[in-house]
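Notes for the structure review
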Amino acid sequence: MTKYEVKCALKRAIRTIAQTAAAMIGTAVTLSEVDWKVLASASILAGILSILTSIVTGLPEAELGEEETDFEDFNEEELEDEDDGVEFEDPADDEVLPQ
């Protein structure tokens, strides 16, 4: 596994851990009824299973490549500066036909 694939697998595992913890907390009527040992155990187990699943089945986001999924360097100004030659007509300018 490359560094990027490891990073993707860890991100996925952290999300899985958080989702498992949130689901287990949501099943308790009050916060004092949460069994924190069971919650921690189940969440860690879910994270481990997530990593093992990522190793066995692969990661779709890692297959796209780092450049295509990294939005931190997105520059909106570059997008606005590009002119692809497509012009859109205003529907309000259309002639109204009699019915």
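Anything mentioned here points back to the structure above.
The following paragraphs examine the structure supplied in this document. (Residues numbered from 1 in each chain as written. Predicted model: local features only at pLDDT ≥ 70, side-chain atom pairs only at ≥ 80, totals over all residues. Heavy atoms only, no water.)

Some words on the packing of helix H1 (residues 3–27) against helix H2 (residues 36–57)
Axis separation between H1 and H2 bottoms out at 8 Å; the angle between their running directions is 150°. In terms of axis orientation, H1 runs roughly antiparallel to H2. The handedness of the crossing between H1 and H2 comes out as right-handed. Across from Ala9, Leu10, Arg12, Ala13, Thr16, Ile17, Thr20, Ala21, Met24 and Ile25 in H1, the residues of H2 making contact are Trp36, Val38, Leu39, Ala42, Ser43, Ala46, Gly47, Ser50, Ile51 and Ser54. Of the residues belonging to the contact of H1 with H2, the class tally is 13 nonpolar, six polar and one charged. (Axes fitted to C-alpha atoms, helices over the stretch in contact; angles between N-to-C directions. Helix = DSSP H or I, 4+ residues; strand = E, 2+ residues; numbered from the N terminus. Parallel < 35°, antiparallel > 145°, perpendicular 65-115°, else oblique. Left-handed = near helix turned anticlockwise from the far one by under 90°. Contact = heavy atoms within 4.5 Å. Nonpolar A, V, L, I, M, F, W, Y, C, P; charged D, E, K, R; others polar.)

Quick notes on the side chain of Ser43
Note on placement: Ser43 falls in helix H2. Owing to a relative accessible area of 4%, Ser43 belongs among the buried residues under this scheme. Of note is the side chain of Ser43, whose polar atom sits 2.8 Å from the backbone oxygen of Leu39. What Ser43 contacts, discounting residues up to four positions off in sequence, is Ile17, Thr20 and Ala21. (Buried < 20%, exposed > 50% of the residue type's maximum accessible area, 1.4 Å probe, protein only. Polar contact = N/O pair within 3.5 Å; in protein donor to acceptor, adjacent residues only side chain to side chain.)

Concerning a nonpolar patch on the surface
A cluster of nonpolar side chains, namely Met1, Val6, Leu10, Ile44, Leu45, Ile48, Leu49, Leu52, Ile55 and Val56, defines an oily patch on the protein surface of about 980 Å² accessible area. Those elements giving two or more residues to the nonpolar patch turn out to be H1 and H2. Looking at the nonpolar patch element by element, the count peaks at seven residues for H2. Along the chain, Val56 falls in helix H2. The exposed category is assigned to Val56, whose relative accessible area is 71%. (Patch = residues over 30% accessible without salt bridge, like charges linked within 9 Å, V, L, I, M, F, W, Y side chains within 5 Å. Areas by Shrake-Rupley, 256 points an atom, 1.4 Å probe, with all protein chains shown as cover. Salt bridge = Lys/Arg side-chain N within 4 Å of Asp/Glu carboxyl O.)

A few points about H2
For H2, with 22 residues, the first-to-last C-alpha span of 31 Å sits near the 32 Å given by 1.5 Å per residue. Where H2 is buried, its residues touch H1. Gly58 sits one or two residues past H2 and shows a positive phi near 90°. (Expected span 1.5 Å × (residues − 1).)

Side note on the side chain of Ser50
Position of Ser50 relative to the elements: it lies in helix H2. By relative accessible area, Ser50 is classed as buried at 8%. Not counting residues up to four positions away in its chain, the partners in contact with Ser50 are Arg12, Ala13 and Thr16.

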